[in-house]
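Observations on the three-dimensional arrangement
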Amino acid sequence: IGRTALRACGVHNVCRLLTRRTHGFYARDAGVAHRKNLGLLRKIMCQESTKFKNVWTTHSASPIAYERGRIYMDNYQCCITSIAQQPRLIYQKSKCAKSEKIEDALLLECPLGEMLPSPSDYKASLIVLTVQNWLLRLSADSGEVLEKIGLSCHKYRYLSWDTPQEVMIVKSAQNKLPAAARQAGIQQTVLFYLAVFQVLPLSFIGMLEINKKIFGNSVTDVAVSNGILIVMYSMGLVRLYNFKAILEQFMEQPVDLGQEFNWNGQVGVVGQFPYGLPCNIKITDTPPLLFEASSLENAFQIGGYPWHYIITPNKKKHKGVFHICSLKDNALAKNGIQDMKCCSLEPDWIYFHPDMSGRIIHVGPNLIKVLKFKEVKNHADQMEIAEDFTIVANRENCVNNSVTVTASGRVVKKRFTLLDDDPEQETFKIVDYEDELDLLSTVAVTQIGADGRAHLDFHCNEHGILLKSIPLKESWDVTYSHEVYFDKDLVLHIEQKPNRRFSCYVYQMVCDTAKDDDS
């Protein structure tokens, strides 16, 4: 940065200049207008006069999904935009056969600043996996099939990101032998198949097996995330391996989609049936172990700064107790044992804050604790877990005395005490983070008889201060499954009732006027 530029903006310190840039002080910087608009939206949304109105409700006999302003119904055959003032249909495809049913889907968005081979690559699309092992890329605006890849004969069921919007994993269901084969004493050593793809343009990197002979007999599941292969075992053990190193070390031969290929005497076209995809990554020896830990139900998370991990000691009596340890030397952080001592049907949960601040969110029935790392005084290598702020459920009117006295003076003792998540007390059910508005959102529910009432609250992500509370109009049954999405000026509630009945409620931000009193 030249001296002239520094003088022109009235700043004589480079660090101050860069800090002011990140805060959007200079109008010619990229993203400044967007940041200002989001800041204005947050202020408008948190005003007392701003309301959220239920503008649309629908019901369905099939699952309802939400992705970036689009509502998908009828197994992704119907797409509705939620961005408009009133949700409207984008496309409706004819009902598909059972053989074309979609098992899983990922939203694919165009990367910024990259040249792509096709004009359609610059628009959002859906990657979907069908029952018949087809991997399809569909236009998010029309449902048109843009690309079609035939996978191998193994039963694939799951899609996930290794690196979001860059590297995708297609995972098979667990490979099991037929009962007759098991009775005949035939051993099944291959548990899972993983197919790895680069996206935009969609290209095949390779396929590999997860084999008992390499990883052990007690493997129960496997996942890939951020370049790490995560292998889980029946006794609670979790092992981490360098996935990128595995691809490089054990790749037998790179192949491309559409390439004619001879594999073990079988000739076919890669990505087309009946040939599908070759297993061109053969792990012949146990890869170097990066890290392992034992945790109840394989629960294991990494995050924070410096790197730490969260586990629950591998005994049932420790359920609900969380240990926060250093990834460097496995040392328990000071105050690193977090235990809310909840007496509830549903356990409390803990996770690293998705805002990349390194903080931790611990959610109980009536308390949300946001924790932070700080250095222990005079011990720079050791970290301490400290409370940043807490959010407490509103239970002011809750009376839970075990002993009561009647008008006549008779003492009556209750034979039971209420659980911490008793439906008649306000209980936290969902905690989420809206990254563009930097708001922490919570859903709290109180159920009296058959009628449950929920409200969505927005809290300042930095200090936890309550900024806005939105009552949800529909009744909330705590025995049903619920999802709530908060996306800028939109709130969307998806409910799953018994017998596969689904409902979707859409709320839009509106300015309060005299005629909108019912909103």
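Fair warning: this is a prediction, and the values are worked out from it, not measured in the lab.

Cut-offs applied
Residues numbered from 1 in each chain as written. Predicted model: local features only at pLDDT ≥ 70, side-chain atom pairs only at ≥ 80, totals over all residues. Heavy atoms only, no water. Helix = DSSP H or I, 4+ residues; strand = E, 2+ residues; numbered from the N terminus. Areas by Shrake-Rupley, 256 points an atom, 1.4 Å probe, with all protein chains shown as cover. UniProt positions renumbered as here; feature names shortened; annotations may be inferred. Pairing = 2+ DSSP bridges. Axes fitted to C-alpha atoms, helices over the stretch in contact; angles between N-to-C directions. Contact = heavy atoms within 4.5 Å. Buried < 20%, exposed > 50% of the residue type's maximum accessible area, 1.4 Å probe, protein only. Polar contact = N/O pair within 3.5 Å; in protein donor to acceptor, adjacent residues only side chain to side chain. Phe/Tyr/Trp six-rings, centres within 6.5 Å; stacked < 30°, edge-to-face > 60°. Lys NZ or Arg CZ within 6 Å of the ring centre and 35° of its normal. Arc of directions from axis to C-beta. Expected span 1.5 Å × (residues − 1). Core = buried A, V, L, I, M, F, W, Y, C linked by side-chain atoms within 4.5 Å. Disulfide = S-S within 2.5 Å. Salt bridge = Lys/Arg side-chain N within 4 Å of Asp/Glu carboxyl O.

Describing the overall build of the protein
For the protein, the helix and strand inventory stands at 6 helices and 36 strands. If you sum the accessible surface of the protein, you get close to 28,300 Å²; carbon and sulfur atoms cover 51% of it.

Here's the deal with the UniProt feature "transmembrane region" (unreviewed entry) in the protein
Feature annotation in UniProt assigns "transmembrane region" (unreviewed entry) to the following positions: residues 190-210 and 222-241. Taken end to end, residues 222-241 is 0% helix and 75% strand, and its first and last C-alpha atoms sit 11 Å apart.

Quick look at the sheet that holds strand β1 (residues 50-60)
Hydrogen bonds along the backbone pair up the strands of a sheet, which may run parallel or antiparallel. Spatial strand order, β1-β36-β35-β34: 4 strands in an open sheet with antiparallel pairing. Every interior strand has two partners, whereas the edge strands, β1 and β34 (481-487), have only one. Averaged over all adjacent pairs, the angle separating strand axes in this sheet is 15°, with direction ignored. Direction of pairing for strand β35 (residues 490-497) relative to strand β36 (residues 501-511): antiparallel, over a ladder of 8 bridges. Its bridge partner being in β36, V491 is matched across the sheet by Y507.

Thoughts on the sheet that holds strand β31 (residues 439-448)
Overall, antiparallel pairing links the 4 strands, which are arranged β30-β31-β32-β33 in an open sheet. Two strands bound the open sheet, and with one partner strand each, they are β30 (427-434) and β33 (466-471). Strand-to-strand twist of the sheet, defined as the mean angle between neighbouring strand axes without regard to direction, takes the value 20°.

Some points on the side chain of Q508
With respect to the helices and strands, the residue Q508 is situated in strand β36. Not counting residues within four places of it along the chain, the set of residues in contact with Q508 comprises K51, F52, K53, V55, S82, I83, A84, Q85, D489 and L490.

A short note on the environment of E103
With respect to the helices and strands, E103 occurs in strand β6 (residues 102-108). The class for E103 is partly exposed, based on a relative accessible area of 28%. Along the sequence, E103 and L159 sit 56 residues apart, while their C-alpha atoms lie 8.9 Å from each other. Every residue in contact with E103, bar those within four places of it in the chain, is listed here: L129, T130, V131, K155 and R157. One polar contact links E103 to K155, side chain to side chain, over a distance of 3.1 Å.

Overview of the pairing of β35
Counting buried residues in β35 gives 6 out of 8 residues, a clear majority hidden from the surface. Summarising the sheet, β34 and β35 pair through 7 bridges and their orientation is antiparallel. Looking at β35, one finds that V484 is bridged to H493. Where β34 folds back onto β35 in an antiparallel hairpin, the turn is made up of 2 residues, including K488, whose phi is positive at roughly 55°.

Focus on the environment of F352
Inspection of the secondary structure puts F352 in strand β24 (residues 349-352). Owing to a relative accessible area of 12%, F352 belongs among the buried residues under this scheme. Expressed as a C-alpha distance, the spacing of F352 and H362, which sit 10 residues apart in the sequence, is 8.8 Å. Apart from residues no more than four positions distant in its own chain, F352 is found in contact with Q301, I302, G303, G304, H308, Y309, I310, G358, R359, I360 and F373.

Side note on the packing of aromatic side chains
All told, the structure shown has 10 aromatic pairs when counted by the stated rule. Clustering of aromatic rings is evident, with ring pairs tying together F52, F458 and F486. The ring centre of W134 lies 4.4 Å from the NZ or CZ of K148, which sits over that ring. In this structure, K171 packs its charged tip against the face of F192, placed 5.2 Å from the ring centre.

Quick look at helix α6 (residues 243-250)
Residues F243, I246, L247 and F250 constitute the buried set of α6. Burial along α6 is one-sided: seen end-on, the buried residues are contained in an arc of 100°. Facing away from the buried side of α6 by over 90 degrees, the exposed positions are K244, E248 and Q249.

A few points about helix α3 (residues 32-45)
The end-to-end C-alpha distance of α3, which contains 14 residues, comes to 20 Å, matching closely the 20 Å that a straight helix rising 1.5 Å per residue would cover. Of the surrounding secondary structure, the elements contacted by the buried residues of α3 are β1, β31, β32 (451-460), β33, β34 and β36.

Quick notes on the environment of L194
Looking at the secondary structure, you find L194 in strand β12 (residues 190-198). According to the relative accessible area criterion, L194 is buried, its value standing at 1%. Separated by 23 residues in sequence, L194 and K171 have C-alpha atoms that sit 4.8 Å apart.

Regarding the pairing of strand β5 (residues 88-92)
Bridge count for strand β4 (residues 78-81) against β5 is 4 bridges, and the pairing is antiparallel. By the bridge assignment, C78 is partnered in β5 with Q92. The antiparallel hairpin formed by β4 and β5 contains 6 residues in its connecting segment.

Examining the nonpolar core
Residues L135, L151, Y156, L159, M168, V170 and F197 are the most contacted members of the largest nonpolar core, which totals 29 residues. Put simply, the parts of the chain that give this core at least two residues each are β6, β7 (125-130), β10 (156-163), β11 (167-172), β12, β13 (203-211) and β17 (260-263). Here this core takes 4 residues from β12, the largest share from any one element. For L135, the residues in contact, after removing those within four places along its chain, are I127, V128, E147, K148, I149, L151, L159, M168, V170 and F197. Of all hydrophobic cores here, the second largest spans 24 residues; its members include F192, L194, V222 and I283.

Comments concerning the side chain of N461
For N461, the location among the structural elements is in the loop between β32 and β33. Judged by its relative accessible area of 4%, N461 falls in the buried class. In terms of polar contacts, N461 uses its side chain to reach the side chain of D438, at 2.9 Å.

Regarding the state of the cysteines
Tallied over the full model, the rule gives 0 disulfides. With no disulfide of its own, C342 has C343 as its nearest cysteine by sulfur position, at a separation of 8.9 Å. Looking at C342, the relative accessible area reads 28%, which means it is partly exposed.

A short note on the pattern of salt bridges
The tally for this structure, following the rule as stated, stands at 17 salt bridges. Of the charged contacts, one joins D121 and R137 as a salt bridge, the two residues approaching to 2.6 Å between their closest N and O atoms. Here D121 is found in the loop between β6 and β7, whereas its partner R137 is found in strand β8 (residues 134-139), with 16 residues between them in sequence. Close ionic contact of R359 with D355 constitutes a salt bridge, the shortest N to O distance being 2.9 Å. One continuous salt-bridge network, built from bridges that share partners, spans D355, R359, K372 and D388.

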